[in-house]
Amino acid sequence: MENLRTSDSNIITRDYFDSLLIEMRHIDSIIPSTTLELYGERFDTPIMMAALSHLNKVRENGMVEMAKGAFLANAVNWAGMGEEEELEEITSTGAKIIKIIKPYADNQIIFKKIEHAKKCGVLAVGIDVDHAFSGNGKYDNVLGHPMTSKSLDEIKEFVKSTNLPFIIKGVLSEQDTIKCLEAGVRGIVVSHHHGIMNYAVPPLRILPKIASIVNKHIPIFVDCGVVSGMDVFKALALGASAVSAGRIIMDPLSREGANGVKETIVKMTEELAGVMARTCSPDINHIDSSVIWNRD
Ligand SMILES: Cc1cc2nc3c(=O)[nH]c(=O)nc-3n(C[C@H](O)[C@H](O)[C@H](O)COP(=O)(O)O)c2cc1C
């Protein structure tokens, strides 16, 4: 029988977050700025709403409510799988949206969705390449739609097809990072898609290696298991440009809709600022990774 305690990537990821300790640096520290500059826009926080989908199960109009909450917090809102009408409703909230398209087997669907997202005025667009396979070594089928893996050449075609920043979500290796840079993508999401495979390396554990390859050429986003401003701080210190939060938003979204989402982002951003102030980190681009210690 499978031992969930040791194989579940979400538990391993939580353990890794908790194994990282922070030293304090008070002298010369100032009130920090949490401003994020991304693709020509300014946001009040590097905490973004993750590429979620099907939130009607959580609350009526859940996807739109989440976007409204992100708008109220002046935060980036990602959007996952969904119909064109839904994306139109989400973008009409005024929130800046990053649309993530599934790795549909039929690339024409992908090109069409990129074009539609562009018409909706999204900030950026991308693909979650980690959703190509199911756990049995076959291609996945998501709600009746067949998926396939994408080659470097195909990713180059997606990048070339639009003047929007194109992002690859689901990077968890140096190899894929190098391929993404070669393809000309304008952002990557270091993620294991909330545990799509057991024993996936925690995003923060591999992040410094990925950051060193990327060398600040493109933004690096991180998600999976972020539940506090402290988690966000650790991700930023280890090389993330910004961080997405997904499942932590479900409860506030279901209880209070947009306002619950906004309050959660604001609270986590305040926690982040609290740690930045105590580590002499004046802004999100100047967090010294040497404040991080490993517990053991
Ligand atoms: C309900 C739900 C729906 C999701 N739908 C998508 C999706 O359509 N596309 C995608 O790239 N990721 C999707 N994800 C994955 C999230 O974007 C994110 O990678 C993952 O949840 C890890 O973040 P978290 O631990 O903060 O939840 C979904 C996650 C959840 C919980």
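Residues numbered from 1 in each chain as written. Predicted model: local features only at pLDDT ≥ 70, side-chain atom pairs only at ≥ 80, totals over all residues. Heavy atoms only, no water.

Colleague: Would you explain empty space enclosed by the protein in this entry?
Modeller: A water-sized probe, rolled over the atoms, reveals where empty space remains. Inspection of every chain in the model, using the stated rule, returns 1 cavity of 30 Å³ or more. Its boundaries defined by the atoms lining it, the largest cavity holds a volume of some 40 Å³. Together, Gly 82, Glu 83, Glu 84, Leu 87, Lys 99, Lys 113 and His 116 line the largest cavity. Mapped by element, the contributors of at least two residues to the lining of the largest cavity are helix 4 (84–91) and helix 5 (107–120). For the lining of the largest cavity, the residue count by class is 1 nonpolar, 2 polar and 4 charged. (1 Å grid on protein atoms, 1.4 Å probe; cavity = no way out; pocket = protein on both sides within 12 Å on 5 of 7 lines; lining within 4 Å. Points joined across faces, edges and corners; volume = space filled by probe spheres on them. Helix = DSSP H or I, 4+ residues; strand = E, 2+ residues; numbered from the N terminus. Nonpolar A, V, L, I, M, F, W, Y, C, P; charged D, E, K, R; others polar.)

Colleague: What is the right way to look at the pairing of strand 4 (residues 47–52) in this model?
Modeller: For strand 4, the tally of buried residues reaches 6 of 6 residues, placing the bulk of the element in the interior. Alignment of strand 4 against strand 13 (residues 242–245), held across 3 bridges, turns out to be parallel. Looking across to strand 13, one finds that Ile 47 is bridged to Val 243. Note that strand 4 and strand 5 (residues 77–79) share 2 bridges and pair parallel. Residue pairing in the sheet places Leu 52 in a bridge with Ala 79 of strand 5. Since strand 4 and strand 5 lie parallel, the crossover through helix 3 (residues 62–72) that links them has a hand, and here it is right-handed. (Buried < 20%, exposed > 50% of the residue type's maximum accessible area, 1.4 Å probe, protein only. Pairing = 2+ DSSP bridges. Right-handed = clockwise from strand over helix to strand, strands pointing away.)

Colleague: Before we go on, may I ask you to explain the side chain of Lys 234 in this structure?
Modeller: Of note, Lys 234 is situated in helix 9 (residues 229–237). In this structure Lys 234 is buried but unpaired, with Asp 18 as the nearest side chain of opposite charge at 5.1 Å. (Lys, Arg positive; Asp, Glu negative; His and termini not counted. Salt bridge = Lys/Arg side-chain N within 4 Å of Asp/Glu carboxyl O.)

Colleague: Quick question: what am I supposed to make of the packing of helix 6 (residues 152–160) against helix 7 (residues 174–183) here?
Modeller: Geometry of a packed helix pair, given as the angle between the helix axes and the separation of the axes. Interaxial distance between helix 6 and helix 7 falls to 9 Å at its minimum, and their mutual angle equals 40 degrees. Taken together, the axes of helix 6 and helix 7 lie oblique to each other. Where helix 6 crosses over helix 7, the handedness of that crossing is right-handed. From helix 6, Leu 152, Ile 155, Lys 156 and Val 159 reach across to helix 7, where they touch Lys 179, Glu 182 and Ala 183. (Axes fitted to C-alpha atoms, helices over the stretch in contact; angles between N-to-C directions. Parallel < 35°, antiparallel > 145°, perpendicular 65-115°, else oblique. Left-handed = near helix turned anticlockwise from the far one by under 90°. Contact = heavy atoms within 4.5 Å.)

Colleague: Looking at this structure, I do not really get the packing of aromatic side chains. What am I missing?
Modeller: The geometry of an aromatic ring pair is captured by two quantities: the separation of the ring centres and the angle between the planes. Across all of its chains, the model carries 4 aromatic pairs by this definition. Relative to Phe 221, the ring of Trp 78 lies with its centre 5.3 Å away and its plane at 80 degrees, an arrangement referred to as edge-to-face. On the criterion of sequence distance, the pair formed by Trp 78 in strand 5 and Phe 221 in strand 12 (residues 220–222) is long-range, its members being 143 residues apart. Accessibility expressed as a relative area gives 0% for Phe 221, which makes it buried. Among the aromatic residues, ring-to-ring pairing joins Phe 111, Phe 158 and Phe 166 into one connected group. (Phe/Tyr/Trp six-rings, centres within 6.5 Å; stacked < 30°, edge-to-face > 60°.)

Colleague: Hey, could you run me through the site of the ligand in this one?
Modeller: Around the ligand lies a shell of 20 residues, among which Ala 51, Met 81, Asp 223, Gly 225 and Arg 247 are the nearest. Looking at the shell around the ligand, the element that brings in the most residues is strand 4, giving 3 residues. (Near = heavy atom within 4 Å.)

Colleague: Sorry, what's going on with the pattern of salt bridges here?
Modeller: A pair can form between side chains of opposite charge whenever their charged atoms are brought close. Taken as a whole and assessed by the stated rule, the structure comprises 14 salt bridges. A salt bridge links Asp 231 to Arg 14; the nearest nitrogen and oxygen atoms lie 2.9 Å apart. Of this pair, Asp 231 sits in helix 9 while Arg 14 sits in helix 2 (residues 9–19), and the two are 217 residues apart along the sequence. Classification of Arg 14 as partly exposed rests on a relative accessible area of 25%. The shortest N-O distance in the salt bridge between Asp 128 and Lys 102 comes to 2.4 Å. With Asp 128 in strand 7 (residues 124–128) and Lys 102 in the loop between strand 6 (97–101) and helix 5, this residue pair connects regions lying 26 residues apart in the sequence. Taken together, the salt bridges that share partners define one network made up of Arg 14, Asp 18 and Asp 231.

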